[in-house]
There are 4 protein chains.
Amino acid sequence: MSQTAQMLETYPADLGGVDREALARCIDECFTCAQACTACADACLSEKSVADLTKCIRSNLDCADICDTTGRVLSRHTGYDATLTRATLEACATACKACGDECERHAGHHDHCRVCAESCHRCEQACRELLSTLG
Amino acid sequence: MSQTAQMLETYPADLGGVDREALARCIDECFTCAQACTACADACLSEKSVADLTKCIRSNLDCADICDTTGRVLSRHTGYDATLTRATLEACATACKACGDECERHAGHHDHCRVCAESCHRCEQACRELLSTLG
Amino acid sequence: MSQTAQMLETYPADLGGVDREALARCIDECFTCAQACTACADACLSEKSVADLTKCIRSNLDCADICDTTGRVLSRHTGYDATLTRATLEACATACKACGDECERHAGHHDHCRVCAESCHRCEQACRELLSTLG
Amino acid sequence: MSQTAQMLETYPADLGGVDREALARCIDECFTCAQACTACADACLSEKSVADLTKCIRSNLDCADICDTTGRVLSRHTGYDATLTRATLEACATACKACGDECERHAGHHDHCRVCAESCHRCEQACRELLSTLG
């Protein structure tokens with residue numbers, strides 16, 4: 001059991017009808033994607049072709065911030081607000097889609113973009129799956 | 001001219017047709033609101049009635065994170081993505097509305113909730129005004 | 001190989017003499033600890049004894065923010081600055097020690113504090129080990 | 001009175017012997033500097049000479065994250081921990097000095113680096129002044 005799943009198990013109050021597996025997976029993908037995007041932005045900065053990667057860097061920075069905030073919002077259950085959870089997940093899926101598509105364009109040339117694109121697409125899917133369970 | 005407006009003025013590329021005044025105001029309200037929410041969560045923790053304020057604290061923490069991320073996304077212009085900007089602003093307006101309403105319920109008893117509610121509502125409005133200029 | 005380690009492998013420039021294993025472990029512990037602290041603060045909010053846990057919640061919130069920032073700083077290698085890396089790691093080890101000790105005081109009563117204390121202590125140790133390799 | 005100062009005034013418990021003016025100024029400089037650094041990193045990305053500004057961008061990103069976290073830590077007073085406050089302020093002053101010096105090197109060519117360098121140096125000074133009042 002991942003530590004995120006352990007923290008869910010030890011939450012002392014009712015988690016409502018949430019799909020714990022989908023929630024834990026989404027939290028983990030958010031933080032993993034935030035790390036990948038932070039590292040990919042930095043790796044792009046060290047490429048000789050950095051001038052061709054400025055849109056990619058910007059997408060990475062936005063996606064890192066949004067994934068990080070989404071991972072935090074999803075880690076809280078007290079006073080749950082479905083409307084806010086949904087808006088946050090929508091923004092995160094949008095950021096992951098944009099960054100994943102942009103990184104994918106450079107995946108053939110830069111392995112960090114390839115790894116990062118995969119992480120973005122997994123996170124986007126985890127957000128959409130969690131959204132679909134929220135009813 | 002605020003420093004945020006100065007940073008907008010010194011951006012070396014085209015800012016498109018953005019309403020600079022609405023943008024600078026929204027960025028400033030986001031960071032101001034993030035500070036208010038962080039401080040309000042902490043002030044609630046030090047109230048004797050903390051057990052009645054747990055939903056408020058949670059709203060504050062979410063709103064602080066989302067405002068902070070929105071202020072960052074709005075501070076970037078390179079490789080502008082209108083879809084992502086809109087989704088982020090929608091999430092931020094949603095968080096500010098929820099937190100502002102919750103804080104307002106305690107505004108009569110706690111001055112930090114009163115000040116924070118005002119900041120949340122100003123930030124929500126700044127987000128909605130910026131959204132309306134994005135077309 | 002963890003994704004963090006993969007991102008290190010794909011960095012396109014010289015990583016200097018850094019101990020990649022210690023670095024990847026420290027990055028992963030930082031983000032894992034940030035999640036645990038965010039979730040523990042929220043779990044404390046939902047305890048009936050929340051009034052006795054306010055110092056714990058505050059430690060959790062600080063530790064989450066500092067671990068998150070440390071994980072980001074460590075994920076960047078371009079224009080490496082040893083002085084800044086050291087100051088950041090010192091602050092992170094200090095935050096993890098304080099939060100780990102505070103959570104440990106409640107570990108017998110609250111499982112989320114037990115899991116979080118373990119994560120804080122692992123992260124503190126990872127920071128100290130990375131510091132020791134920086135010379 | 002700034003909103004940060006208002007939030008300090010409405011804190012319901014004892015603030016100890018803290019210098020409220022130095023504290024409010026430091027919090028405000030931290031968030032202002034985080035905004036400047038985020039915007040400066042993005043402005044650097046849009047310069048034709050971006051390849052010469054990669055160290056500056058990296059310094060900006062670190063400084064934004066550290067200032068943001070420091071502003072948050074300083075906005076909390078419950079369960080005050082002087083050791084952690086000091087370590088955080090030391091890291092922040094270090095980040096602001098590094099970023100301010102780096103931006104200053106480009107201040108003659110790029111107005112965003114000039115404005116950002118000034119903000120970094122004000123924030124560094126506010127951190128050092130607050131540190132000196134902590135005894």
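Here the structure is a predicted model, which is why all the values come from computation and not from measurement.

I keep staring at empty space enclosed by the protein and nothing clicks. Help me out?
Counted by the stated rule, this structure contains 10 cavities of 30 Å³ or more. In this structure, the largest cavity encloses a volume near 190 Å³. Lining the largest cavity we find 16 residues, and of these Asp68 and Arg72 of chain A, Asp68 of chain B, Asp68 of chain C together with Asp68 of chain D sit closest to its centre. For the lining of the largest cavity, the elements supplying multiple residues, two or more each, are helix 3 (54–74) of chain A, helix 3 (54–74) of chain B, helix 3 (54–74) of chain C together with helix 3 (54–74) of chain D. For the lining of the largest cavity, the residue count by class is no nonpolar, 4 polar and 12 charged. The computed volume of the second largest cavity comes to approximately 100 Å³. Looking at the second largest cavity, it is lined by 13 residues, and the ones nearest its centre are Leu61 of chain A, Arg72 and Arg76 of chain B, Arg76 of chain C together with Leu61 of chain D. Contributions of two or more residues to the lining of the second largest cavity are made by helix 3 of chain A together with helix 2 (20–45) and helix 3 of chain D. Split by residue class, the lining of the second largest cavity holds 5 nonpolar, 2 polar and 6 charged.

Teacher, can you tell me more about helix 3 of chain C here?
Every α-helical turn comprises 3.6 residues, leaving residues that sit three or four positions apart pointing alike. Helix length check: helix 3 of chain C (21 residues) gives 30 Å between terminal C-alpha atoms against 30 Å at 1.5 Å per residue, within 8%. Across the 21 residues that make up helix 3 of chain C, a large majority, 20, are buried.

How should the interface of chain C and chain A be read in this particular structure?
A common measure of how large an interface is: the accessible area buried when the components associate. Counting residues at the interface gives 35 residues for chain C, matched by 35 residues for chain A. Taken over both partners, the interface formed by chain C and chain A buries close to 3,000 Å², and the fraction arising from carbon and sulfur atoms is 57%. Of all residues in chain C, Gln3, Met7 and Gln35 of chain C give up the largest surface area on contact with chain A, accounting jointly for 22% of the area buried on that side. Asp65 of chain A is paired through a salt bridge with Arg72 of chain C; the nearest N and O atoms lie 2.8 Å apart. Only helix 1 (3–9), helix 2 (20–45), helix 3 and helix 5 (111–133) of chain C provide two or more residues apiece to the side of chain C that touches chain A.

Where do I start with the pattern of salt bridges in this structure?
When the charged atoms of two side chains with opposite charge come close together, those side chains can pair. One pass over the full model with this rule turns up 60 salt bridges over all chains. Across the pair Arg114 of chain C and Glu118 of chain C runs a salt bridge whose closest N-O atoms are separated by 3.7 Å. Note that Arg114 of chain C and Glu118 of chain C are positioned in helix 5 at a spacing of 4 residues, about one turn of the helix. Assessed through its relative accessible area of 32%, Arg114 of chain C is described here as partly exposed. Its salt-bridge partner being Glu129 of chain D, residue Arg25 of chain D comes within 3.2 Å of it at the nearest N-O pair. In this pair, Arg25 of chain D is assigned in helix 2 and Glu129 of chain D in helix 5 (residues 111–133), connecting sequence segments 104 residues apart. By relative accessible area, which is 36% here, Arg25 of chain D ends up partly exposed. Here the salt bridges share partners, and the residues they tie into one network are Arg58, Asp62, Asp65 and Asp68 of chain A, Arg72 and Arg76 of chain B, Arg72 and Arg76 of chain C together with Arg58, Asp62, Asp65 and Asp68 of chain D.

Where do I start with the interface of chain C and chain D in this structure?
With 24 residues of chain C in contact, the opposing surface of chain D contributes 24 residues. When chain C packs against chain D, the two sides together hide about 2,200 Å² of surface, and 58% of this comes from carbon and sulfur. When residues of chain C are sorted by the area they lose upon contact with chain D, Arg58, Arg76 and Leu84 of chain C head the list and together hold 29% of the total. Applying the counting rule to chain C against chain D returns 6 salt bridges. Residue Asp62 of chain D pairs with Arg76 of chain C through a salt bridge whose shortest N-O separation is 2.7 Å. Taken together, chain C and chain D are joined by 17 residue pairs in polar contact (both at pLDDT 80 or more). Within the residue set of the side of chain C that touches chain D, elements represented by two or more residues are helix 3 and helix 4 (82–105) of chain C. For the side of chain C that touches chain D, the element with the highest residue contribution is helix 3 of chain C, accounting for 10 residues.

Mind showing me how you'd approach the side chain of Asp68 of chain C here?
Here Asp68 of chain C shows up in helix 3. In contact with Asp68 of chain C, other than residues within four places in its own chain, are Asp68 and Arg72 of chain A together with Phe31 and Ala34 of chain C.

Explain the relation of the copies chain C and chain D to me, please; I cannot follow it from the model alone.
Related by rotation about an axis and a shift along that axis, the two copies of the chain form a pair. Superposing chain C onto chain D requires a rotation of 180 degrees together with a translation of 0.0 Å along the rotation axis, leaving an RMSD of 0.0 Å. The relationship between the two copies is best expressed as a two-fold rotation axis.

What should I look at first to understand the packing of helix 2 (residues 20–45) of chain B against helix 3 of chain B in this one?
Two measures define how a pair of helices packs: the angle their axes make with one another and the distance between the axes. All names here are of chain B. Look at helix 2 against helix 3: their axes get within 8 Å of each other, and the N-to-C directions meet at 155 degrees. Taken together, helix 2 and helix 3 sit at an angle that is classed as roughly antiparallel. In this structure, the crossing between helix 2 and helix 3 has a hand that is left-handed. When grouped by side-chain class, the residues that make up the contact of helix 2 with helix 3 number 19 nonpolar, 4 polar and 2 charged.

Would you explain helix 2 of chain C in this entry?
Residues and elements named next belong to chain C. When the terminal C-alpha atoms of helix 2 are compared, their 38 Å separation across 26 residues agrees well with the 38 Å that a helix rising 1.5 Å per residue should span. Within helix 2, 21 of the 26 residues are buried, which leaves the element mostly enclosed by the surrounding structure. Put simply, Asp19 is the residue that caps the front of helix 2, since its side-chain oxygen is 3.2 Å from the backbone nitrogen of Glu21.

The rules behind each value
- Residues numbered from 1 in each chain as written.
- Chains lettered and ligands numbered in written order.
- Predicted model: local features only at pLDDT ≥ 70, side-chain atom pairs only at ≥ 80, totals over all residues.
- Heavy atoms only, no water.
- 1 Å grid on protein atoms, 1.4 Å probe; cavity = no way out; pocket = protein on both sides within 12 Å on 5 of 7 lines; lining within 4 Å.
- Points joined across faces, edges and corners; volume = space filled by probe spheres on them.
- Helix = DSSP H or I, 4+ residues; strand = E, 2+ residues; numbered from the N terminus.
- Nonpolar A, V, L, I, M, F, W, Y, C, P; charged D, E, K, R; others polar.
- Expected span 1.5 Å × (residues − 1).
- Buried < 20%, exposed > 50% of the residue type's maximum accessible area, 1.4 Å probe, protein only.
- Contact = heavy atoms within 4.5 Å.
- Buried area = accessible area lost by both parts, 1.4 Å probe.
- Salt bridge = Lys/Arg side-chain N within 4 Å of Asp/Glu carboxyl O.
- Polar contact = N/O pair within 3.5 Å; in protein donor to acceptor, adjacent residues only side chain to side chain.
- Least-squares fit on C-alpha atoms with pLDDT ≥ 70 in both.
- Axes fitted to C-alpha atoms, helices over the stretch in contact; angles between N-to-C directions.
- Parallel < 35°, antiparallel > 145°, perpendicular 65-115°, else oblique.
- Left-handed = near helix turned anticlockwise from the far one by under 90°.

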